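Inside the fold
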Amino acid sequence: MPAATRRGFLRLAASASLAFGATPARAAARPNVIVILTDDQGYGDFSCLGNPGLKTPNLDKLESESVRFTDFHAAPMCTPTRGQLLSGQDACRNRATSVTGGRAVLKRDLPTMADVFAAGGYRTGLFGKWHLGDNYPYRPMDRGFERAVYFRGYGLSSAPEFDNDYYNGRYRDQGVSKPFQGYCTDFWFSQAMAWMRAGAPEKRPFFAYIPTNAPHGPLWVDPKYAAPYEKDGMPAKFFGMIANLDENIGRLDAFLKETGLRENTIVILMTDNGGTGGVNYYNAGMRGRKTAFYEGGHRVPCWVSWPAGNLTAAKDIDTPAQIQDVLPTLIDFCALTAPSNARFDGRSLAPLLRRKAEALPDRMMVVQYSQAKLVKWECCVISNKWRLVQGNELYDVAKDPGQTKDVAAANPAVVKRLRDYYEQWWQGLGDVMNDFLPISIGTPAENPVELSSSDWCDVYCDNQKNVSDADGGPRGGPWSILVESAGEYEIALARWPPWLHLPLTAGRQPQKMTYGSIPGGKALPIAAVKLSIAGREYAAKTGPGDTQALLRVKLERGARTTMQAWFQDQNGTDLCGAFYATVRKV
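Quick summary incoming for the structure in this document. (Residues numbered from 1 in each chain as written. Predicted model: local features only at pLDDT ≥ 70, side-chain atom pairs only at ≥ 80, totals over all residues. Heavy atoms only, no water.)

All right, on to the nonpolar core then. Residues Ile34, Ile36, Met196, Leu252, Leu256 and Leu269 are the most contacted members of the largest nonpolar core, which totals 52 residues. Contributions of two or more residues to this core are made by β1 (32-38), α3 (57-64), β4 (147-151), α7 (184-198), β7 (206-211), α8 (223-226), α9 (236-258) and β8 (265-271). Setting aside chain neighbours within four positions, we find isoleucine 36 in contact with Ile210, Ile249, Leu252, Val267, Ile268, Leu269 and Met270. With 48 residues, the next largest nonpolar core counts Val35, Tyr122, Trp306 and Leu336 among its residues. (Core = buried A, V, L, I, M, F, W, Y, C linked by side-chain atoms within 4.5 Å. Buried < 20%, exposed > 50% of the residue type's maximum accessible area, 1.4 Å probe, protein only. Helix = DSSP H or I, 4+ residues; strand = E, 2+ residues; numbered from the N terminus. Contact = heavy atoms within 4.5 Å.)

It is at 7 Å that the axes of α3 and α9 come closest, and there the two elements cross at 55°. On the basis of the axis angle, α3 is oblique to α9. Between α3 and α9, the contacting residues are Pro57, Asn58, Leu59 and Lys61 on the first element and Asp246, Glu247, Ile249, Gly250, Asp253 and Lys257 on the second. Class assignment of the residues belonging to the contact of α3 with α9 gives a composition of three nonpolar, two polar and five charged. (Axes fitted to C-alpha atoms, helices over the stretch in contact; angles between N-to-C directions. Parallel < 35°, antiparallel > 145°, perpendicular 65-115°, else oblique. Nonpolar A, V, L, I, M, F, W, Y, C, P; charged D, E, K, R; others polar.)

Moving on to the sheet that holds strand β24 (residues 549-555). Read across the sheet, four strands follow the order β17-β27-β19-β24 without closing on themselves; strand pairing throughout is antiparallel. In this open sheet, the two strands that pair with only one neighbour each are β17 (449-452) and β24. If you compare each strand with its neighbour and ignore which way they point, the axes differ by 25° on average. Judged from the four bridges that link them, β17 and strand β27 (residues 580-585) form a sheet pairing that is antiparallel. (Pairing = 2+ DSSP bridges.)

Look at α7 against α9: their axes get within 10 Å of each other, and the N-to-C directions meet at 10°. The orientation of α7 with respect to α9, classified from their angle, is roughly parallel. Where α7 abuts α9, its residues Thr185, Asp186, Phe189, Ser190, Met193, Met196 and Arg197 lie against Asn244, Leu245, Asn248, Ile249, Arg251, Leu252, Phe255, Leu256 and Glu258. Looking at the contact of α7 with α9 residue by residue, the classes come out as eight nonpolar, four polar and four charged.

Across all of its chains, the model carries 40 salt bridges by this definition. Notably, a salt bridge pairs aspartate 90 with arginine 93, separated by 4.0 Å at the nearest N-O pair. When its relative accessible area of 5% is taken as the criterion, aspartate 90 is described as buried. Looking at arginine 93, the relative accessible area reads 8%, which means it is buried. Put simply, aspartate 458 and arginine 103 hold a salt bridge, and the shortest N to O gap is 3.1 Å. Taken together, the residues aspartate 458 in the loop between β17 and α14 (464-468) and arginine 103 in the loop between α5 (91-94) and α6 (113-119) connect sequence positions 355 residues apart. Its relative accessible area of 25% is what places aspartate 458 among the partly exposed residues. Judged by its relative accessible area of 4%, arginine 103 falls in the buried class. (Salt bridge = Lys/Arg side-chain N within 4 Å of Asp/Glu carboxyl O.)

Relative to strand β6 (residues 176-179), strand β5 (residues 170-173) runs antiparallel, the two being bridged by four bridges. Bridging from a neighbouring strand, tyrosine 171 pairs with lysine 178 of β6.

The subject of this paragraph is the environment of alanine 506. Mapped onto the fold, alanine 506 is located in the loop between β19 (487-494) and β20 (511-512). Distance in space between the C-alpha atoms of alanine 506 and glycine 545 is 8.7 Å, their sequence separation being 39 residues. Excluding residues within four positions of it along the chain, alanine 506 makes contact with Trp496, Lys522 and Ala523.

Moving on, we come to the packing of aromatic side chains. To describe a pair of aromatic rings, you give the distance between the ring centres and the angle between the ring planes. For the coordinates displayed, the defined rule picks out 30 aromatic pairs. Between tyrosine 229 and phenylalanine 239, the ring centres sit 5.6 Å apart and the planes meet at 85°, which makes this aromatic pair edge-to-face. Of this pair, tyrosine 229 sits in the loop between α8 and α9 while phenylalanine 239 sits in helix α9, and the two are ten residues apart along the sequence. Both residues of the pair, tyrosine 229 and phenylalanine 239, belong to the buried class. Here arginine 299 stacks its cationic end above the ring of tyrosine 43, 4.4 Å away from the centre of that ring. (Phe/Tyr/Trp six-rings, centres within 6.5 Å; stacked < 30°, edge-to-face > 60°. Lys NZ or Arg CZ within 6 Å of the ring centre and 35° of its normal.)

Attention now goes to the pairing of β7. Every regular strand shows the same layout, with side chains that alternate between the two sheet faces. With six of six residues buried, β7 lies mostly within the body of the structure. Side chains Phe206, Ala208 and Ile210 project from β7 onto one buried face, and the interleaved Phe207, Tyr209 and Pro211 project onto a second face that is buried too. Pairing of β1 with β7, which is carried by five bridges, proceeds in the parallel orientation. What sits directly across from isoleucine 34, in β7, is alanine 208.

A few words on the environment of alanine 200. Tracing the chain through its elements places alanine 200 in the loop between α7 and β7. For the pair alanine 200 and leucine 261, spaced 61 residues apart in sequence, the C-alpha to C-alpha distance is 10.0 Å.

Here α9 contains 23 residues, and its C-alpha end-to-end distance of 33 Å stays within 8% of the 33 Å for a straight helix at 1.5 Å per residue. Across the 23 residues that make up α9, a large majority, 17, are buried. Backbone geometry just after α9 places glycine 260 at a positive phi near 75°. (Expected span 1.5 Å × (residues − 1).)

Shown next, in the form of structure tokens:
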């Protein structure tokens, strides 16, 4: 879909919103939508799904009131799942295939779930973890969310956040950094509920996306939540974060009932990948964990509740489904219009949810992502009970849910059928391995542009420890950029986050946080910097007290290029990449 197509779709969105606004009866009849996506919570991290130690009474209540997909699949890591949810496309098609490495953004020409809801006259809000681009044109407010309360990177300990805290930390309000009070999960839910309440006079339905960063590590939580689990080998802090999350699910339920919103609000709850902190305690009988292509890496819960929606009674549905199905389903439920030439890899689950079908036509699904570089056959192909893992291991999960016995040799025809499907699917992706989507510089939408090592192309360097240890190789990695306007640019290059004002040569002492700590970082004998951009190389000397190196360059409009910067010692030996860059159009 060319960029002009998304712009045209968004122009239609504006006119459609006015049209819906002129017909309040129709608007009132359409449901509100809340999508909750928790982070690093596995299938087994719920008491209602068999966990013998963890108590999740509010989540259990939601589960008991919902239609539950029990063979539902996300990606084995978070950004690919988020991109698939919001686009309805496989990660390898929408380009958000990794959590880092320059592959953690959606194609700019791709309408998102928020765009589609906005086109239908809905208010749209994000509250929590975005992780689909820190810079224009990939930020949530660039992708259809009229209200964006979020943070950058994968979490509050990511490279772009670095020293942020789960308690009394920082967040982004429409792109502007502000402090928040209290615990992060409490804050996301409080902000979402305040926004829902404040919008009531508009008489427009809302789409609220609440992707929490809990219970993703670091495992920082008030000890009162962890205390009940400090026994019997339980992961106390991890379970404590889930206990706090459960408390917020209860708060949301009470709010929806108190405001009269519950009956006509669709609530969907999912998790973003397989288990992490709780796997060694209980993993619901599955093999693998986050990042793996076995069931434990990508099979997740999906619960759908809509009291006024004439859904089937609360029950389990074992039809294989995937997170790419959510957007087509919501388009059906909310009478929305899909972009004219949208290509969804998912399909609507509405017939199953509304008892119009007992099953859907057979299909195959591919679960694939990349930790940095995308590699063919690092995947799982799903077809009913069959799982083809890494292209050569075959499992029958109906007979062997723990995937203990590879039956490929006994079922060559099944292996061939799944491999043939994957080959065709792979060929249809195009050049995904070398196509890095560029970050724009020189645009009024974001000037200056703050970059971090999280977006170095094909380099995995996205967290505070990577920065502290000066990982990423002696030259770091390049950023993919698009020069939106010609002129002079000032580029500030830093070893440490610019807001810390630490000298380039300095080390860093460990830092105590409210419920945890950040590791210290090593000093480096930095004496010079090199910058390569748009085919030219620049150099400058640095002093022992300098907190950044400043260079000025002239760039031509329209150049899609790379920018790479690294530090050297006094002998010209490369030391490390510039983990932070601030690019300002002068």
